[in-house]
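# Geometric and topological summary
For reference, the chains in residue letters:
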Amino acid sequence: MGLAWWLIGLLCFISIIGIPFGRACFVMGELAFWPFGQDVINRRYLNKVDDIVSVHFRTSYSY
């Protein structure tokens, strides 16, 4: 699973728009290889700022 995330991450680095998604794919791949001692948290709780992508795809549901 981790190798698949890294492969998709490499494909995302082909375009400039895909670079942030590629970086996220590498983080997910690392998390798939070694999940112990790491926590997945929402960025809004960490630094009170929304992600650029999640702002555009937000629906009427409250998070």
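Residues numbered from 1 in each chain as written. Predicted model: local features only at pLDDT ≥ 70, side-chain atom pairs only at ≥ 80, totals over all residues. Heavy atoms only, no water.

## A look at the overall build of the protein chain
- Looking only at helices and strands, the protein chain features four helices and zero strands.
- If you list the helices and strands of the protein chain from N to C, you get α-α-α-α.
- Counting all 63 residues of the protein chain, 13% fall into the buried class.
- Counted over contacts in the protein chain with a minimum sequence separation of 6, partners at least 24 positions apart contribute 25%.
- Taken as a whole, the protein chain presents about 5700 Å² of accessible surface, with 70% of it coming from carbon and sulfur. (Helix = DSSP H or I, 4+ residues; strand = E, 2+ residues; numbered from the N terminus. Buried < 20%, exposed > 50% of the residue type's maximum accessible area, 1.4 Å probe, protein only. Contact = heavy atoms within 4.5 Å. Areas by Shrake-Rupley, 256 points an atom, 1.4 Å probe, with all protein chains shown as cover.)

## Some words on the packing of aromatic side chains
- Within the structure shown, the criterion is met by three aromatic pairs.
- Ring centres of Trp34 and Phe36 lie 5.3 Å apart, and the angle between their planes is 80°; this geometry places the pair in the edge-to-face category. (Phe/Tyr/Trp six-rings, centres within 6.5 Å; stacked < 30°, edge-to-face > 60°.)

## Some remarks on helix α1 (residues 2-12)
- When we look at burial in α1, the residues that qualify are Gly2, Gly9 and Cys12. Viewed along the axis of α1, the buried residues span an arc of 80°, placing them on a single side of the element. Summarising the geometry of α1, the exposed residues directed more than 90 degrees from the buried face are Leu3, Leu7, Leu10 and Leu11.
- The inward-facing, buried residues of α1 contact α2 (19-33). (Arc of directions from axis to C-beta.)

## Here we look at the confidence of the model for the protein chain
- In this model, the protein chain carries a mean pLDDT of 79, and residues with pLDDT of at least 70 account for 73%.
- Of all helices and strands in the protein chain, the one with the weakest mean pLDDT is helix α4 (residues 52-56) (55), whereas α1 scores best (94). (pLDDT = per-residue confidence, 0-100.)

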